[in-house]
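Working through the structure, step by step
Okay, here's what each chain looks like letter by letter:
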Amino acid sequence: TSSAVPTLNRNTSSCALMTDENRVWLFDCGEGTQRQFLAYPAFRWEQIDVIFITHLHGDHIYGLFGLLSSMALFRSTLPDGGGRVELVGPKGIKDLIDHVGRETEMRLTFPLAIHELGEQPEVLTVADGPLQLPLRDGYSVKAFPIPHRLRSYGFVVESRPKPGDFDVKKANALGVPFGPMWGKLKKGESVTLPDGRAVQPDQVLGPATSKKLCFLGDCTDGAVAFEGVGTAADWPPVIEAAAGANALVHEATFAHELADKARSHGHSTARMAGAFAKRIGAQLLVLNHFSKRYTEHEARDRGAALGALVQEAQAECPGTRVLAVRD
């Protein structure tokens, strides 16, 4: 959760998402990532299905090579190495993996499929598309270019809509007998009653629900353009796809008093993160990627405590819960 360099309490960038079927999707892999797996035993190397790399700055990828090597060691006794792992990232990620693997004799014991993203928004889970993610939970994933000093991406992950709550009173009023028919309706299937009447799921179920996560790599608001790799024009497709997100993970490298510095380096302030959360209607805003000048508790001469960043973001999105994530 630290930007650029680690601190005593924070490693560089990485975030793990646990799916409903206990599979791990990793977003970025900064130095020290694999050590964090040891600190959180609920997350294991053999659970990793997908690794998303938002961009190729070192604080987001230097832990990748060690992680892949450790995964190869711990998955070596599993059938087919524990299954294929998907690596998704910007153009250049394949050459980087090939070069480091060759020069360091990195021998993977599992299939690694590398998919390089382009310059346009991309749906990664189309059945006949270029990437076949192991989507046993029915998730969809979309990737979007976002403004930074070099090509960076944001990802919107959404689960398949699940049928709403079953309304027993409505079922009884329609004469649906308790038993297998209730089970079918709960699954979203229609049933035919003994008298020949058909009952549709929407007659007894509440609104369908899904989960949506928006994870953004390093980014700024687009007020400063970086040689064609990021402008404000990148944002509308992201905003549309991320609307109503249950959770938004957004960098907050600086407080807004350093907005000019943030923009010149392709980064965001906590206020920018809060404004984006409000714009998409996020329920939860998770701030990360903090400059080392910000501490857990007491302010330093050059900056503020993390609590001040939370307050700054919260002022922009009063209807959203805001927290500063910890390692």
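Notes on the structure follow. The shown structure was predicted, so the numbers you read here are calculated from the model rather than taken from an experiment.

Before going further, it helps to spend a moment on the pairing of strand S1 (residues 15-18). In this sheet, strand S2 (residues 24-27) lies alongside S1 in antiparallel orientation, the contact comprising four bridges. Residue pairing in the sheet places Ala16 in a bridge with Leu26 of S2. The turn linking S1 back onto S2 is made up of five residues, and Asn22 within it adopts a positive phi angle of 60°.

Further remarks concern the nonpolar core. Judged by nonpolar contacts, the single largest core of 33 residues is most densely connected at Leu216, Trp235, Leu248, Phe276, Ile280, Leu285 and Leu287. Mapped onto this core, the elements with two or more residues apiece are strand S7 (140-146), strand S11 (212-216), helix H7 (235-242), helix H9 (270-280), strand S13 (284-288) and helix H10 (306-316). Aside from chain neighbours lying at most four places away, what touches Phe276 is Leu216, Trp235, Val238, Ile239, Leu248 and His250.

The residue His60 is located in helix H2 (residues 58-61) in this model. Residue His60 is classed as buried on the basis of its relative accessible area of 2%. Within the local environment of His60, its side chain forms a polar contact with the side chain of His289, the two groups lying 3.4 Å apart. Among residues more than four places away in sequence, those in contact with His60 are Ser13, Asp28, Cys29, Gly30, Ile53, Thr54, His55, Asp218 and His289.

The geometry of an aromatic ring pair comes down to the distance between the two centres and the angle between the two planes. Under the definition given, this model contains ten aromatic pairs. Pairwise contacts between aromatic rings join Trp25, Phe27, Phe52, Tyr139, Phe155 and Phe215 into one cluster. Across from the ring centre of Tyr153, 6.0 Å away, lies the NZ or CZ of Arg151, which sits over that ring. Above the plane of the ring of Phe166 lies Lys186, whose end atom (NZ or CZ) is 5.4 Å from the centre.

If you trace the seven strands from one edge of the open sheet to the other, you get S6-S7-S8-S11-S12-S13-S14, paired in mixed fashion. Each of the sheet's edge strands pairs with one partner strand only, and the pair in question is strand S6 (122-123) and strand S14 (321-324). The sheet contacts of H10 involve S13 and S14, and relative to S14 the element is tilted by about 155°.

So, about the environment of Leu193. Along the polypeptide, Leu193 turns up in the loop between strand S9 (191-192) and strand S10 (198-199). Between the alpha carbons of Leu193 and Val204 there is a distance of 14 Å; along the sequence they are eleven residues apart. Excluding anything up to four places from it in sequence, Leu193 contacts Leu174, Gly175, Val176, Pro177, Met181 and Val199.

Conventions used here
Residues numbered from 1 in each chain as written. Predicted model: local features only at pLDDT ≥ 70, side-chain atom pairs only at ≥ 80, totals over all residues. Heavy atoms only, no water. Pairing = 2+ DSSP bridges. Helix = DSSP H or I, 4+ residues; strand = E, 2+ residues; numbered from the N terminus. Core = buried A, V, L, I, M, F, W, Y, C linked by side-chain atoms within 4.5 Å. Buried < 20%, exposed > 50% of the residue type's maximum accessible area, 1.4 Å probe, protein only. Contact = heavy atoms within 4.5 Å. Polar contact = N/O pair within 3.5 Å; in protein donor to acceptor, adjacent residues only side chain to side chain. Phe/Tyr/Trp six-rings, centres within 6.5 Å; stacked < 30°, edge-to-face > 60°. Lys NZ or Arg CZ within 6 Å of the ring centre and 35° of its normal. Axes fitted to C-alpha atoms, helices over the stretch in contact; angles between N-to-C directions.

Purely geometric numbers; function is a separate question.
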